[in-house]
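Here is what each chain is made of, one letter per residue.
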Amino acid sequence: QVQLVESGGDLVQAGGSLRLTCAASGDIVSINVMAWYRQPPGKERELIATITNGGYTHYRDSVKGRFTISRNNAKDTLYLQMSTLATEDTAVYYCNAKSLLVAGDYWGQGTQVVVSL
């Protein structure tokens with residue numbers, strides 16, 4: 001089992017920056033891929049960025065060039081650096097971890113980001 005706890009969500013003005021953090025604990029050695037998802041108000045949850053154990057990253061088109069996903073060397077902390085935030089980025093942001101070995105799919109509780117004009 002893997003436990004994920006997000007933090008860093010806040011109210012920020014459009015054009016501003018914010019960094020989200022996801023602390024992972026438990027069987028973190030089994031994790032193959034970590035990701036950030038978000039769920040805007042009234043919409044479905046969407047994938048915005050992924051990072052593999054090898055450091056390969058992939059981003060949703062709408063956040064490319066503005067968001068950066070990264071992990072620390074111990075691979076127990078996931079980050080999402082967000083810049084040039086827009087009102088469309090308002091959402092609950094979720095951390096996700098997947099383990100192919102144990103077929104695990106783990107989620108955090110989410111952290112709220114609100115971008116105001």
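Keep in mind that what you see is a predicted model, and the values were worked out from it rather than measured.

Student: Break down the side chain of serine 99 for me, citing the residues and quoting the values.
Tutor: Here serine 99 is to be found in strand S9 (residues 91–99). Within the local environment of serine 99, its side chain forms a polar contact with the backbone nitrogen of valine 102, the two atoms lying 3.4 Å apart. Dropping the residues within four chain positions of it, serine 99 is found in contact with Ser30, Ile31, Asn32, Gly104 and Tyr106.

Student: Could you give an account of the sheet that holds strand S7 (residues 67–71), with specific residues and numbers?
Tutor: Pairing is antiparallel across the open sheet formed by four strands, whose spatial order is S1-S3-S8-S7. Edge positions in the open sheet fall to strand S1 (2–7) and S7, since each of these has one partner strand only. Taking the axes of each pair of neighbouring strands and ignoring which way they run, one obtains an average angle of 15° across the sheet. Direction of pairing for strand S3 (residues 18–26) relative to strand S8 (residues 77–82): antiparallel, over a ladder of six bridges. Each residue of the ladder has a partner; that of leucine 20, found in S8, is leucine 80.

Criteria and thresholds
Residues numbered from 1 in each chain as written. Predicted model: local features only at pLDDT ≥ 70, side-chain atom pairs only at ≥ 80, totals over all residues. Heavy atoms only, no water. Helix = DSSP H or I, 4+ residues; strand = E, 2+ residues; numbered from the N terminus. Polar contact = N/O pair within 3.5 Å; in protein donor to acceptor, adjacent residues only side chain to side chain. Contact = heavy atoms within 4.5 Å. Pairing = 2+ DSSP bridges. Axes fitted to C-alpha atoms, helices over the stretch in contact; angles between N-to-C directions.

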